[in-house]
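Listed here are the chains, written in short residue letters.
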Protein chains: 2
Amino acid sequence: MTAFSFSVSQSDGRARYGRMTTAHGEVETPAFMPVGTQGAVKGLTHRDLESLGAEILLSNTYHLYLRPGDDLIARRGGLHRFIGWTKPILTDSGGYQVFSLAARRTIDESGAHFRSHLDGSPHLLTPEKATDIQAQLGSDIAMVLDECLAYPADADAARRSMERTLRWARRARERFLSLPDDVVVTNRGQAQFGIVQGSISPELRAESAQRTVEIGFEGYAIGGLSVGEPPDVMYDVIARTAPCLPADRPRYLMGTGTPDDLVEAVARGIDLFDCVLPTRNARNGQLFTSEGRINIKNAQYAEDDRPPDPACGCYTCRTFSRAYLRHLYVVNEMTAATLNTLHNLSFYLDTLRGIREAIAFGQFERFRVEYVRRRH
Amino acid sequence: MTAFSFSVSQSDGRARYGRMTTAHGEVETPAFMPVGTQGAVKGLTHRDLESLGAEILLSNTYHLYLRPGDDLIARRGGLHRFIGWTKPILTDSGGYQVFSLAARRTIDESGAHFRSHLDGSPHLLTPEKATDIQAQLGSDIAMVLDECLAYPADADAARRSMERTLRWARRARERFLSLPDDVVVTNRGQAQFGIVQGSISPELRAESAQRTVEIGFEGYAIGGLSVGEPPDVMYDVIARTAPCLPADRPRYLMGTGTPDDLVEAVARGIDLFDCVLPTRNARNGQLFTSEGRINIKNAQYAEDDRPPDPACGCYTCRTFSRAYLRHLYVVNEMTAATLNTLHNLSFYLDTLRGIREAIAFGQFERFRVEYVRRRH
């Protein structure tokens with residue numbers, strides 16, 4: 001079993017070009033993780049993902065816990081074997097989905113009490129339980145359960161929440177290091193990442209980072225961003241938080257963001273991303289291009305024979321016109337979602353490839369300026 | 001421009017192994033045409049279809065006429081260019097869909113008056129109009145407009161309908177041979193097939209075949225089957241009709257059927273098939289296998305680690321378990337439809353490959369008996 005490791009081979013300003021080694025293979029960073037909520041990226045097959053060069057998939061603990069259940073997946077030999085994906089997988093802790101249940105959940109020190117969005121059945125997600133579930137799933141990177149704070153939050157609420165997240169992180173780490181016998185550990189090489197909280201306060205973020213690092217994890221995430229704050233505020237929090245995290249561990253910005261966000265976050269020291277934006281937007285007919293977003297459903301594309309993005313080399317752009325993609329969208333063909341998703345994910349993964357190459361050649365700042373200029 | 005041609009290279013009993021040459025390439029027969037109603041096979045990309053070895057696609061004139069319209073497609077250079085599919089395409093005449101509109105259509109000698117299922121707008125589909133639309137689409141094989149009779153039909157109704165279909169076929173052929181200047185002909189190599197009707201009467205079928213052949217088409221279809229009659233009745237109609245059609249022209253059984261139907265129809269001299277069964281059933285979780293059908297949603301597959309069909313070499317069967325496919329279906333992931341459709345179409349196309357090979361080696365009867373035995 002390969003132990004988890006991470007190394008930075010090249011830096012350019014604060015941007016880092018690195019390599020993450022997991023039990024299921026390597027990931028070049030900065031990397032974007034397509035979201036396969038229930039064990040599949042909506043509308044794509046795994047071979048579609050592989051054709052795009054995706055090296056790591058994100059999957060959602062909350063959904064898999066409810067259906068088909070982590071026990072069933074453990075009996076299948078773990079998530080990789082169950083879903084037939086042989087490359088690395090990161091699982092979230094389930095916390096974000098639970099907090100999104102709003103009226104159907106209450107939080108106390110033990111964890112999050114919630115009712116399933118499917119059948120209303122009651123559940124309790126504790127830091128230990130979230131760790132156990134992910135051990136059974138056998139993802140390559142497991143996340144600790146954190147408390148997700150709404151934005152804006154007052155200073156007291158932000159501190160209380162940060163303190164709770166730290167206590168939960170300690171409990172999750174202890175559990176991770178000594179799982180009980182009734183938990184099936186399907187991936188002995190699993191790593192665990194801590195999560196920095198603290199709303200938009202630079203002081204709380206710094207303290208959260210320092211104390212999370214003291215607990216000690218294989219990597220660190222910045223959570224609680226992309227929750228409604230302006231982009232500049234988010235960029236500032238990242239810029240102040242990343243330097244508080246150890247240089248030899250990967251830094252993961254959770255649930256973010258636009259292509260611009262990725263470039264700006266890399267400029268501030270981030271290595272890993274996930275976001276539903278490229279896949280969800282694709283299903284709504286919104287395509288990312290090198291010259292900005294287009295809504296393929298607009299009538300102006302009805303007779304437009306150009307590819308969605310003339311600068312893109314993906315299967316969709318090589319083969320199909322805006323006119324055809326608009327037709328498929330308008331007549332509600334499933335294939336529309338597939339082709340749009342292929343393009344948007346290709347656009348994101350190409351952006352990350354461009355970022356890595358720019359860092360490797362010491363040209364990241366030039367890349368950043370040019371990338372943002374073209375799209376606006 | 002390649003002219004349409006067809007040749008039989010090998011016969012085994014009444015089964016024929018042949019080759020159809022069109023303006024967009026060759027098709028080995030007997031062949032199954034996946035149904036891409038609106039210019040895409042639901043849930044698949046064209047490269048998925050190519051990976052399955054599909055050599056010809058069927059598309060629906062009625063749907064494309066309404067959206068995006070044959071004028072728009074003609075301005076794009078025809079259906080092949082519009083949808084990015086470079087291999088042969090057969091288009092139906094739109095008749096079957098119009099007749100399915102039931103209360104929203106009336107038939108008279110001029111053609112079918114109908115209201116769009118989308119916006120209720122009134123339209124008239126005549127034999128000439130159906131020919132014009134398909135000329136603008138530029139499919140490789142166009143079908144004449146026929147009258148689709150309900151089953152069962154009394155002898156008088158069956159004769160009246162057959163006579164009308166013959167009159168319409170003459171009008172369609174005349175139009176095909178001298179299209180007016182305002183029709184954009186996007187495929188100079190387009191062929192036109194006539195359609196034999198006559199309900200389940202052997203006499204009417206023979207007469208319909210003979211008189212349709214007298215008009216003269218590049219190929220002939222048997223229509224009006226798979227409309228509720230028992231399989232044995234259908235097989236008998238095919239057995240009595242096929243010999244009335246010229247040996248040097250392809251014979252197309254429209255809208256049929258189960259895997260067994262394909263084998264039985266080939267045994268009676270059929271060369272071409274289309275059917276929504278493999279694709280529609282896939283979306284409903286029903287998979288064809290070498291040992292019969294399975295409903296992937298059944299609880300018995302929740303922990304079944306076997307592929308859907310252990311005898312199948314398709315991407316789905318090589319990569320995924322019944323347990324995973326059941327999970328995707330139960331949680332309503334789009335990818336379920338894609339993977340199931342890939343398998344079912346693979347199963348159909350493999351069946352046709354097996355049929356062609358068996359004919360080539362003079363082993364078709366052995367193949368037929370064994371194929372049906374395994375599945376029952």
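Our structure's up above, just so we're on the same page.
A brief report on the enclosed structure follows. Not measured: the values here are computed from a predicted model.

## Comments concerning the packing of helix H10 (residues 259–267) of chain B against helix H14 (residues 334–360) of chain B
Residue and element names in this part refer to chain B. Where H10 meets H14, the closest approach of the two axes is 10 Å, and the angle between their N-to-C directions is 25 degrees. Considering the angle they form, H10 stands roughly parallel to H14. Seen along the crossing, H10 lies across H14 with a hand that is right-handed. Mapping the contact onto sequence places Pro259, Leu262, Val263 and Val266 in H10 and Phe347, Tyr348, Thr351, Leu352, Ile355 and Ile359 in H14.

## A few points about the sheet that holds strand E12 (residues 219–222) of chain B
Residues and elements named next belong to chain B. Pairing within the open sheet is parallel, and its eight strands lie in the order E4-E14-E13-E12-E11-E10-E6-E5. Two strands close off the open sheet at either side, each with one partner strand: strand E4 (31–33) and strand E5 (57–59). In this sheet, neighbouring strand axes are inclined to one another by 25 degrees on average, regardless of whether the strands run parallel or antiparallel. Pairing between strand E11 (residues 191–196) and E12: four bridges, direction parallel. Note on E12: the bridge partner recorded for Ile195 is Ala221. Most of the contacts of helix H6 (residues 127–137) go to strand E10 (residues 141–143), to which it runs at about 160 degrees, and overall it touches strand E6 (89–91), E10 and E11. The strands touched by helix H8 (residues 202–215) within the sheet are E11 and E12, with E11 carrying the most contacts at an inclination of about 155 degrees.

## Overview of the packing of helix H6 (residues 127–137) of chain A against helix H7 (residues 155–177) of chain A
Residues and elements named next belong to chain A. Here H6 crosses H7 at 40 degrees, and the two axes come no closer than 8 Å. With respect to H7, the axis of H6 lies oblique. In this structure, H6 crosses over H7, and the sense of that crossing is right-handed. On H7, the residues touching Pro127, Glu128, Thr131 and Asp132 of H6 are Trp168, Arg171, Ala172, Arg175 and Phe176. Here the residues of the contact of H6 with H7 are counted per class, giving four nonpolar, one polar and four charged.

## Digging into the pattern of salt bridges
All names here are of chain B. Summed over the entire model, instances satisfying the criterion amount to 55 salt bridges over all chains. Across the salt bridge formed by Arg240 and Asp236, the nearest N and O atoms sit 3.1 Å from each other. Of this pair, Arg240 and Asp236 both sit in helix H9 (residues 231–241), four residues apart, which is roughly one turn of the helix. On the basis of relative accessibility, which here comes to 45%, the residue Arg240 falls in the partly exposed class.

## A look at the interface of chain A and chain B
At the interface, 42 residues of chain A touch 42 residues of chain B. Between chain A and chain B, the buried area comes to about 3,600 Å², and carbon and sulfur atoms account for 52% of it. The interface formed by chain A and chain B contains ten salt bridges. Linking chain A with chain B are 26 residue pairs in polar contact (both at pLDDT 80 or more). When contributions to the side of chain A that touches chain B are tallied by element, the ones reaching two or more residues are helix H1 (46–51), helix H3 (70–75), helix H4 (79–83), helix H12 (315–319), helix H13 (322–330) and helix H14 (334–360) of chain A. The dominant element in the side of chain A that touches chain B, judged by the number of residues it contributes, is H14 of chain A, at six residues. Looking at the side of chain A that touches chain B residue by residue, the class counts come to 20 nonpolar, twelve polar and ten charged.

## Focus: the relation of the copies chain A and chain B
If you rotate chain A by 180 degrees and push it 0.0 Å along the axis, it lands on chain B with an RMSD of 0.0 Å. What the superposition gives is, in effect, a two-fold axis relating one chain to the other. The share of interface residues of chain A whose copies in chain B are also at the interface is 100%, consistent with both copies meeting through the same surface.

Reading the values: rules and limits
Residues numbered from 1 in each chain as written. Chains lettered and ligands numbered in written order. Predicted model: local features only at pLDDT ≥ 70, side-chain atom pairs only at ≥ 80, totals over all residues. Heavy atoms only, no water. Axes fitted to C-alpha atoms, helices over the stretch in contact; angles between N-to-C directions. Helix = DSSP H or I, 4+ residues; strand = E, 2+ residues; numbered from the N terminus. Parallel < 35°, antiparallel > 145°, perpendicular 65-115°, else oblique. Left-handed = near helix turned anticlockwise from the far one by under 90°. Contact = heavy atoms within 4.5 Å. Pairing = 2+ DSSP bridges. Nonpolar A, V, L, I, M, F, W, Y, C, P; charged D, E, K, R; others polar. Salt bridge = Lys/Arg side-chain N within 4 Å of Asp/Glu carboxyl O. Buried < 20%, exposed > 50% of the residue type's maximum accessible area, 1.4 Å probe, protein only. Buried area = accessible area lost by both parts, 1.4 Å probe. Polar contact = N/O pair within 3.5 Å; in protein donor to acceptor, adjacent residues only side chain to side chain. Least-squares fit on C-alpha atoms with pLDDT ≥ 70 in both.

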